[in-house]
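Structure assessment
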Amino acid sequence: MSVVITIDGPAASGKSSIARLVAKRLGYIFVGTGNMYRAFTWAVLHRGMDPDDAAAVIADLPSIVFECPILDGQTHVRLDGHDLAADQLNSDAVNAAVSLIARIPEVRARLVADQRALIRLGSLVMEGRDIGSVVFPDSPYKIYIDASEEVRATRRRAQGQTDNLAERDRMDKARQSSPLVIPDGATIIDNSAITLEEAVNQVLDALRSKKLPDLSAGTANDPNTTAAPPH
Ligand code: DC
C-alpha cells in the first residue's frame, strides 16, 4: 500500500533538499509542491496579469493547462505543454509574487487535487507548507523542517537569489487558506547547525520511530509517468 511522508517548513529551510534525498533513499517519488505554486505564478506574470488581482487570476485559471509529470522519480512542472526551467521558477519576480498567488483558495483547491491524485502512482515524499495539515492530514509520517532566519537568508544569498524570506513567511503563515503551521503529530527537525546528511538521517530515524514499514525497500514506482492530466 502506498504511503505519504509529509515534509513542511518555511522558505529556504532546506526541506526540498532533505525531502529529495529521503525520497531517493526510500525509492519514493519526490513531490515539490512549491514549484507548482511557482508555475502558476510564472503563468500569471507571463500573461501580464497583476498577481494581487485575485479575481482576474481566478477568471484565468481554467485557461492554464498544468501538468506534473514524473521524470527520474520526481515531479516536474509543465505549463501549456512546456517544461518550466529552474531559473524561471526561481526568478526574483516569482519569489516576490508567489505568496500572493498561493493565498488564493481557488488556486490551492486546484493544486491540492493534483497533489492528492499523485498517491495513485506510488509512495510519496511531498514537501510544502500545508502537506501534513491539509493535503494528507491522516498521514502518520509528518515532519516539520526548520532553520534559523539567519541561516535561511544566508542559504538564499548563496543561491544568488533575491528573496524576501521574512515577508514570504509572514504571508504564508497569516493567510486564511491553509496557512503554514506545524501539523499535529509532526516531528520538528531544526537543521540550522547540522549537515544535510545528518538532517536526512534524523528524518529517517523519526520515520523509523513512527513505524514506517520496511525502510530499506521503496515501492516499485514507475519513474516516468504523467501524473495529472492536463486540465
Ligand atoms: O517552497 P517554496 O519556497 O518553493 O514555495 C514557494 C511558495 O509557494 C511559498 O512561499 C508558499 C507557496 N506554497 C504553498 O502555499 N503551499 C505549499 N504546499 C507549497 C508552497
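Data block above holds the structure.
In what follows, the accompanying structure is described. (Residues numbered from 1 in each chain as written. Predicted model: local features only at pLDDT ≥ 70, side-chain atom pairs only at ≥ 80, totals over all residues. Heavy atoms only, no water.)

Describing the nonpolar core
Within the largest apolar cluster, 35 residues are counted, with the highest numbers of intra-cluster contacts made by Met36, Phe40, Phe66, Leu79, Val107, Leu118 and Met126. Mapped by element, the contributors of at least two residues to this core are strand E2 (29-32), helix H2 (34-46), helix H5 (92-102), helix H6 (105-117), strand E8 (124-128) and helix H7 (131-135). With seven residues, the top contributor of residues to this core is H2. One finds Ile7, Ile145, Val200 and Leu207 within the second-largest nonpolar core, a separate group that totals 22 residues. (Core = buried A, V, L, I, M, F, W, Y, C linked by side-chain atoms within 4.5 Å. Buried < 20%, exposed > 50% of the residue type's maximum accessible area, 1.4 Å probe, protein only. Helix = DSSP H or I, 4+ residues; strand = E, 2+ residues; numbered from the N terminus.)

Points about the site of the ligand
Arg38, Arg108, Asp130, Arg168 and Asp172 are the nearest of the 16 residues found near the ligand. Contacts to the ligand include arginine 38, whose side-chain N or O atom sits 2.7 Å from an oxygen atom. With respect to the detected pockets, the ligand is housed in the largest pocket. Broken down by secondary-structure element, the contributors of at least two residues to the shell around the ligand are H2, H5 and helix H9 (165-174). (Near = heavy atom within 4 Å. Polar contact = N/O pair within 3.5 Å; in protein donor to acceptor, adjacent residues only side chain to side chain. 1 Å grid on protein atoms, 1.4 Å probe; cavity = no way out; pocket = protein on both sides within 12 Å on 5 of 7 lines; lining within 4 Å. Sits in = over half its atoms within 2 Å of the grid points.)

Quick notes on the pairing of strand E9 (residues 141-146)
Among the six residues that make up E9, five are buried, leaving the element largely enclosed by the rest of the structure. Two elements, strand E1 (residues 4-8) and E9, share four bridges in a ladder whose sense is parallel. Among the inter-strand pairings, isoleucine 7 is bridged to a residue of E9, identified as isoleucine 143. Where E9 lies against strand E10 (residues 187-190), four bridges are found, and the strand directions are parallel. Opposite isoleucine 143, over in E10, you have threonine 187 as the bridge partner. (Pairing = 2+ DSSP bridges.)

Remarks on the side chain of arginine 108
Mapped onto the elements of the fold, arginine 108 is located in helix H6. Filtering out sequence-adjacent residues up to four positions away, arginine 108 remains in contact with Tyr37, Ala102, Asp130, Arg175, Ser177 and Ser178. (Contact = heavy atoms within 4.5 Å.)

A word on the pattern of salt bridges
Taken as a whole and assessed by the stated rule, the structure comprises 14 salt bridges. Notably, a salt bridge pairs aspartate 52 with arginine 103, separated by 2.9 Å at the nearest N-O pair. Taken as a pair, aspartate 52 in the loop between H2 and helix H3 (54-60) and arginine 103 in the loop between H5 and H6 lie far apart in primary sequence, 51 residues in all. Overall, the relative accessible area of 39% leaves arginine 103 in the partly exposed class. Residue arginine 78 is joined to aspartate 83 by a salt bridge in which the shortest nitrogen-to-oxygen separation is 2.8 Å. Members of the salt-bridge network, linked through shared partners, are Arg47, Asp60 and Asp80. (Salt bridge = Lys/Arg side-chain N within 4 Å of Asp/Glu carboxyl O.)

A short note on unusual backbone geometry
At aspartate 72, a residue that is not glycine, the phi angle is positive and equals roughly 50°. Judged by its relative accessible area of 67%, aspartate 72 is exposed. Phi is positive for serine 178, close to 50°, though the residue is something other than glycine. Position of serine 178 relative to the elements: it lies in the loop between H9 and E10. You can call serine 178 buried: its relative accessible area is 16%.

A look at the environment of isoleucine 131
Mapped onto the secondary structure, isoleucine 131 falls in helix H7. Looking at isoleucine 131, the relative accessible area reads 0%, which means it is buried. Spatially, the C-alpha atom of isoleucine 131 lies 9.3 Å from that of leucine 180, the residues being 49 residues apart in sequence. When sequence neighbours within four positions are dropped, the list of residues in contact with isoleucine 131 reads Thr6, Asp8, Thr33, Gln115, Met126, Phe136 and Pro137.

Digging into the packing of helix H1 (residues 15-26) against helix H10 (residues 196-209)
Running from amino to carboxyl end, H1 crosses H10 at an angle of 60°, the nearest separation of the two axes being 9 Å. With respect to H10, the element H1 is oriented oblique. Pair H1 / H10 crosses with right-handed handedness. Across from Ser17, Ile18, Leu21, Val22, Arg25 and Leu26 in H1, the residues of H10 making contact are Leu196, Glu197, Ala199, Val200, Asn201, Val203, Leu204 and Leu207. Per-class residue counts for the contact of H1 with H10 are ten nonpolar, two polar and two charged. (Axes fitted to C-alpha atoms, helices over the stretch in contact; angles between N-to-C directions. Parallel < 35°, antiparallel > 145°, perpendicular 65-115°, else oblique. Left-handed = near helix turned anticlockwise from the far one by under 90°. Nonpolar A, V, L, I, M, F, W, Y, C, P; charged D, E, K, R; others polar.)

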